[in-house]
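Examining the three-dimensional arrangement
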Amino acid sequence: METLLLDTNEISRAAEIIKNGGLVAMPTETVYGLAADALNGRAVAKIFEAKGRPMDNPLIVHIADISQIYPLVREFPEKARLLAEKFWPGPLTIILPKSDIIPVEVSAGLDTVAVRFPSHPAAQELIRLSSPLAAPSANLSGSPSPTDVRHVMDDMNGRIDAVIDGGECSVGVESTVITLASDPPRLLRPGGVTLEQLREVIGEVVLDSAVMNPLADGQKASSPGMKYKHYSPKANVVLIKGTEEDFLSFVNMRNDGKTAVLCYEEDKDKLSLPYICAGRENDYDEQARSLFSSLREADERGFETVYAHCPDTEGVGLAVYNRLIRAAGFEVIELG
Ligand code: TXA
Ligand code: MG
């Protein structure tokens, strides 16, 4: 099929495609999503095929008004109301017990549904003109999420009906995922809304062990997505723990033409091998925004190995750490 490239004046065309059971990639503030009508199981099934996504990995339902959540869930507890009021629209996904209208393709057989109200105006307009939308990130399963329309075309051209070009995503990593279907609430995936911010609004929130660590053999994932290798470029990503000085001398010994460094702006001039800039050292928002396009750039430039200094885990840094450690397949070298 030919994939139509639409601009943000043509969202009504995209809405027609959705209403006819087709697939449209849409910009959101986090990453581009691959959207289908969330209440049409057959349309949703096409998402799995286009991405090569395992069928047991459930999807997030996107809404454009808080009232749209009520028919989707069995209960809407006080903590959900507090989080929605504070962080919606925005990069937060809330998991609740699902209602009967959620197709099995969306929930992948679980008894819960994940819901998000994105802030991107193009996503909101598409939802308003069509319906609530099921949408995973618009990449081939396993590769880095797309933060620009070019990344979507690289992965999805010819596999989906249309893409809306909404420019670069402002957050750059996928939404924070919290489940309120367990007590106490549990953070399943860190993102632009931080653990610290969630705790300020609803008190205790448990950090799921899979955020920082690999699943142990036989351990059941709280979120099916945790099981799969993720965000991986073709290049071998390796995280390095140690002081900045040790990190720089380690990488500077590895200038073999096939190796690059994911480095902070401040360190560029101290390197004697190719680098991809990951933003300033203390600017976690900037690091999040550029992370996935840096991983894609590593492949475009043909590097076989990419070393990255292990980031701090406070604030949005936790989201950067979580994506990088998965990109690295949990391969970490400790120096010193
Ligand atoms: O920012 C985002 O969340 C983007 C944009 C497009 O909105 N979407 C996104 O979707 O990242 P996806 O499918 O790539 O990641 C959704 C994650 C997966 O790890 C999935 O397993 C988990 O959320 N998930 C979805 N529904 C769930 C549920 N009912 N229970 C537990 N985990 C769930
Ligand atoms: Mg994804």
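Every chain is numbered independently, its residues counted from 1 as its sequence is written. Written order determines the labels here, with chains lettered from A and ligands numbered from 1. Under the rules for a predicted model, residues below a pLDDT of 70 receive no local features and side-chain atom pairs below 80 are neither given nor counted, while totals for whole chains, interfaces and linings still include all residues. Computation of side-chain values covers all heavy atoms of the structure but excludes hydrogens and water.

**As for the domain arrangement of the chain**
For each domain, the first and last residues come from an automatic or database assignment. Its domain assignment divides the chain into domain 1 (4-211) and domain 2 (236-334). Measuring from the centre of the C-alpha atoms in domain 1 to the corresponding centre in domain 2 gives 28 Å. The interface is formed by 28 residues belonging to domain 1 together with 16 residues belonging to domain 2. Buried surface at the junction of domain 1 and domain 2, both sides included, amounts to about 1600 Å², of which 54% is carbon and sulfur. Interface area lost by domain 1 to domain 2 is led by Pro144, Val173 and Pro190, which between them contribute 29%. Salt bridges are defined as contacts in which a side-chain nitrogen from Lys or Arg sits within 4 Å of a carboxyl oxygen from Asp or Glu. For the pair domain 1 and domain 2, the interface holds three salt bridges. Of the charged contacts, one joins arginine 150 and glutamate 300 as a salt bridge, the two residues approaching to 3.3 Å between their closest N and O atoms. Counting only elements with at least two residues in the side of domain 1 that touches domain 2, the list comes to helix 6 (149-156) and strand 10 (186-189). Every helix listed is a DSSP run of H or I at least four residues long, and every strand listed is a run of E at least two residues long, numbered separately from the N terminus. The leading source of residues in the side of domain 1 that touches domain 2 is helix 6, at four residues. The contact criterion used throughout is that any non-hydrogen atoms of two residues lie within 4.5 Å. Simply put, the buried area is the total loss of 1.4 Å probe accessible area from both parts when two parts are fitted together.

**Overview of the site of ligand 1**
By convention in these notes, a residue is near a molecule or strand provided one of its non-hydrogen atoms lies within 4 Å of it. Looking at ligand 1, there are 24 residues lining it, with Thr30, Asn57, His62, Ser175 and Gly225 nearest. In protein, a polar contact requires one atom able to donate a hydrogen and another able to accept it; more generally it is a pair of N or O atoms within 3.5 Å, and residues adjacent in sequence count only if both atoms are side-chain atoms. Serine 137 places a polar side-chain atom, nitrogen or oxygen, 3.1 Å from an oxygen atom of ligand 1. Here the Shrake-Rupley method, with its probe set to 1.4 Å, supplies the accessible areas, and only the displayed protein chains count as covering residues. Against a free-state accessible area of 680 Å², the protein chains account for coverage of 95% of ligand 1. Within the residue set of the shell around ligand 1, elements represented by two or more residues are strand 4 (60-62) and strand 6 (112-116). By residue number, the principal contributor to the shell around ligand 1 is strand 6, which donates three residues. Following the grouping adopted for this structure description, the nonpolar residues are Ala, Val, Leu, Ile, Met, Phe, Trp, Tyr, Cys and Pro, the charged ones are Asp, Glu, Lys and Arg, and the polar ones are all others, Gly among them. Considered class by class, the residues forming the shell around ligand 1 number ten nonpolar, ten polar and four charged.

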